[in-house]
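This is what each chain is made of:
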Amino acid sequence: VGTASGDKVTRRSRQWTRYQPSKSHQVTMTALLGTPKTNVSQRVGYFDDQNGLFFEQTINGISLVRRTNISGSVVNNKVPQASWNLNTLDGQTNSNNPSGLKLDLTNVNIFLIDFQWLGASRVRWGFSFGNHIIYVHEFEAANLISSVYMSTGNLPVTYEIENTGTSASSTTMKAICCSINSEGGTDHAGFLFSAANTGDSVISTRRPILSIRPKLTFNSLINRGQVVPTRVD
């Protein structure tokens, strides 16, 4: 991004990954955020504009964010590094940071999120250091909150950088690699439909002869359903 307020780049997967009930998803992403800067926000995670789970760096440091639109408007629930309940990764060895490690965002890092949605299951944020996963914070919802913690588990992976005000100079954030794994396997669930169209058409200009797409909305919500053709005759 440049220096202008509102300058923004979002790099997002075209696919909203299909969450399957009770099967935990593990989201792993590598990125280089760099030195925090005034009026610049950088985000890495599994989210869209309505819901999701992600890491966010600002001039105030790095936070873990749970985004939800359950109330009818988008709310970002942020937990700053000093309040992480498993490992603060502040370089000190104590009960708040049993790993004794220090997080350095000026270097490349492996960001990790695992969650079992079910509307009310656990979410964990962490990092991969030296072939070990260090979980830094976990969020529990079951028996603790009065609604689901976000509207859906069907979300994309996203890298995002945004100027929330005028910045002193242009800023670069490097998106490197990402992976989403279903830790309980995958069931190919869905409904089988067929459609037929008979007749001949004579045309003189080039145009597609077959198009398939889901409806834009379902129950007034953006439709993220997937169409997977199995046979065409």
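The text that follows walks through the structure, step by step, so that each part is easy to find. (Residues numbered from 1 in each chain as written. Predicted model: local features only at pLDDT ≥ 70, side-chain atom pairs only at ≥ 80, totals over all residues. Heavy atoms only, no water.)

Quick notes on the sheet that holds strand S3 (residues 40–47)
1) Next: Ordered by their spatial adjacency, six strands build an open sheet running S1-S10-S3-S4-S5-S6, and the pairing between neighbours is antiparallel. On the outer flanks of this sheet lie strand S1 (8–12) and strand S6 (75–80), each paired with one strand and no other. Each strand axis lies, on average, 20 degrees off the axis of its neighbour in the sheet, ignoring direction.
2) Next: Here strand S5 (residues 61–68) pairs with S6 via six bridges, running antiparallel. Each residue of the ladder has a partner; that of Arg66, found in S6, is Asn77. (Pairing = 2+ DSSP bridges. Helix = DSSP H or I, 4+ residues; strand = E, 2+ residues; numbered from the N terminus. Axes fitted to C-alpha atoms, helices over the stretch in contact; angles between N-to-C directions.)

So, the pattern of salt bridges
1) Next: For the structure on display, the rule yields nine salt bridges.
2) Next: Two residues, Glu160 and Lys8, come together in a salt bridge whose shortest N-O distance is 3.8 Å. Highlighted residues: Glu160 in strand S10 (residues 157–163) and Lys8 in strand S1, separated in sequence by 152 residues.
3) Next: Its relative accessible area of 3% is what places Glu160 among the buried residues.
4) Next: Residue Lys8 is classed as partly exposed on the basis of its relative accessible area, which comes to 39%.
5) Next: Glu138 is the partner of Arg122 in a salt bridge, and the nearest nitrogen-oxygen pair spans 3.5 Å. Residue Arg122 is found in the loop between strand S7 (109–115) and strand S8 (123–129), and its partner Glu138 is found in strand S9 (residues 132–139); the two are separated by 16 residues along the sequence.
6) Next: Judged by relative accessible area, Glu138 falls into the partly exposed class, the value being 25%.
7) Next: One network of salt bridges, in which partners are shared, links Lys8, Arg43, Glu56, Lys78, Glu160 and Glu162. (Salt bridge = Lys/Arg side-chain N within 4 Å of Asp/Glu carboxyl O. Buried < 20%, exposed > 50% of the residue type's maximum accessible area, 1.4 Å probe, protein only.)

Considerations on a nonpolar patch on the surface
1) Next: Together, Ile209, Leu210, Ile212, Val227 and Val232 line one region of the surface with nonpolar side chains, adding up to about 560 Å² of accessible area.
2) Next: For Ile212, the position within the fold is in the loop between strand S11 (174–182) and strand S12 (217–218). (Patch = residues over 30% accessible without salt bridge, like charges linked within 9 Å, V, L, I, M, F, W, Y side chains within 5 Å. Areas by Shrake-Rupley, 256 points an atom, 1.4 Å probe, with all protein chains shown as cover.)

Re the sheet that holds strand S2 (residues 25–32)
1) Next: The strand order across the open sheet built from five strands is S9-S8-S7-S2-S11, with neighbouring strands paired in antiparallel fashion. The outermost strands of the open sheet, each flanked by one partner alone, are S9 and S11. Going across the sheet, the axis of each strand differs from the next one's by a mean of 20 degrees, ignoring polarity.
2) Next: Bridge analysis of S2 against S11 gives eight bridges, and the strand direction is antiparallel.

Re the packing of aromatic side chains
1) Next: This structure, assessed with the given rule, holds 11 aromatic pairs.
2) Next: Ring centres 5.9 Å apart and planes at 85 degrees place the aromatic pair Tyr19 and Trp117 in the edge-to-face group. Of this pair, Tyr19 sits in the loop between S1 and S2 while Trp117 is found in the loop between S7 and S8, placing the two residues 98 residues apart along the sequence. With respect to class, Tyr19 is no different from Trp117; both count as buried.
3) Next: Ring geometry for Phe55 versus Phe127: centroids 5.2 Å apart, planes at 55 degrees, classification tilted. With Phe55 in strand S4 (residues 52–58) and Phe127 in strand S8, this residue pair connects regions lying 72 residues apart in the sequence.
4) Next: By relative accessible area, Phe127 is classed as buried at 0%. (Phe/Tyr/Trp six-rings, centres within 6.5 Å; stacked < 30°, edge-to-face > 60°.)

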